Every structure is written in C-alpha cells, then in structure tokens.
Amino acid sequence: MKRITLITLIMFVSLLAACAQDEDTQTHSNVTTSTTDTTQSEEVAEGHVRITVSINEGEEFLTEKEIAIEDGDILIDVMEENFYIETAFDGEFITSIERVAASDEEQTSWMFFVNDEMPTVGAAEYELSSGDKVLFDLQPWE
C-alpha cells in the first residue's frame, strides 16, 4: 500500500512540474502569444539566423524561429518566406507580422534589431549573416 501511495505521489508531483513549465498564453489580435522570455542569448547554428518576434520590448513573446540562410540573404525576403507579414510602400516597411499589425491609432510600429543593434537600413536592404540574432518588436513610437 505504501508503494502505491509513493508512486501516486511521484506521478502527482511530476504532473505538477510539467504543468508549471507550460507557458501562460493570451490572445492578441487573433494570435496566440506567451509571456515568457526569449532565447536571444543562445548561440545560433552555423548557416542560420534566429528571428524572434515580440511586443512592447519583449513583454509579450509571439514566435521565434531558427532559419537556414545564405550570407547576404535579404531580411525582408527571409521574413516573407517564413512568417505571415504585410508590408507597405512597395514592400519597404513591415506593417504586420503573424497578423499582429502596427497601429497609427495606438502609435505603434514594428522595429527590428540585429545582434542587439538597430540597423541603419530597412529590412528590405538588410543583408543577413550566419549567426545573426534578429528581433522584431512592436513598440510605441518614441
């Protein structure tokens, strides 16, 4: 009897631990998001880039993908091939990623950073390199 109780207790604790690891999710513009930290600090495999999409300086995590690239691939092309995006100004400006749109009313826009720095060119001109860590974040205008 003690053995069955011990096994039941171990299974219960394991179940609780598994539930605790699940991320809290919420819905934002019909997209499931989570509030966990991104993995920007982890290394990226050779020949790949990591693209993370978040809201409000990482307060909400939307998605993250490690994507195979060739050096010199253009960021907007990689985004179009791997995410649902909408653009404006003949593809020069990203207005929506994964159906989460920037808003003039809320004064937000999609900003991007590569290796923790804001590039001096837009995504339509940015050439990726192996190992780049790209962050797209929906932020208020400042």
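Residues numbered from 1 in each chain as written. Predicted model: local features only at pLDDT ≥ 70, side-chain atom pairs only at ≥ 80, totals over all residues. Heavy atoms only, no water.

Our next topic: the overall build of the protein. Per the secondary structure count, the protein includes two helices and nine strands. Listing each helix as α and each strand as β along the protein from the N terminus yields α-β-β-β-β-α-β-β-β-β-β. Buried residues in the protein amount to 33% of all 142 residues. Across the protein, every contact between residues at least 6 apart in sequence was considered, and the portion connecting residues at least 24 apart equals 53%. (Helix = DSSP H or I, 4+ residues; strand = E, 2+ residues; numbered from the N terminus. Buried < 20%, exposed > 50% of the residue type's maximum accessible area, 1.4 Å probe, protein only. Contact = heavy atoms within 4.5 Å.)

Here Asp137 shows up in strand E9 (residues 133-140). Here Asp137 sits buried without a salt bridge, and the closest side chain of opposite charge, Arg50, lies 15 Å off (N-O distance). A polar side-chain atom of Asp137 sits 2.6 Å from the main-chain amide nitrogen of Glu57. Within the local environment of Asp137, its side chain forms a polar contact with the side chain of Gln139, the two groups lying 3.1 Å apart. Contact partners of Asp137, with chain neighbours within four places excluded, come to Ser54, Ile55, Asn56, Glu57, Gly58, Ser109, Trp110 and Met111. (Lys, Arg positive; Asp, Glu negative; His and termini not counted. Salt bridge = Lys/Arg side-chain N within 4 Å of Asp/Glu carboxyl O. Polar contact = N/O pair within 3.5 Å; in protein donor to acceptor, adjacent residues only side chain to side chain.)

Let us now look at the pattern of salt bridges. Under the defined criterion, the tally for this structure stands at two salt bridges. Its salt-bridge partner being Arg50, residue Glu64 comes within 4.0 Å of it at the nearest N-O pair. With Glu64 in strand E4 (residues 60-68) and Arg50 in strand E3 (residues 48-55), the pair connects residues that are 14 residues apart, well separated along the chain. In this structure Glu64 comes out as partly exposed when scored by relative accessible area, which is 24%. For the salt bridge of Arg50 with Glu66, the shortest nitrogen-to-oxygen distance reads 3.1 Å. Of this pair, Arg50 sits in strand E3 while Glu66 sits in strand E4, placing them 16 residues apart in sequence. Each of the salt bridges in this network shares a partner with another, and the network as a whole consists of Arg50, Glu64 and Glu66.

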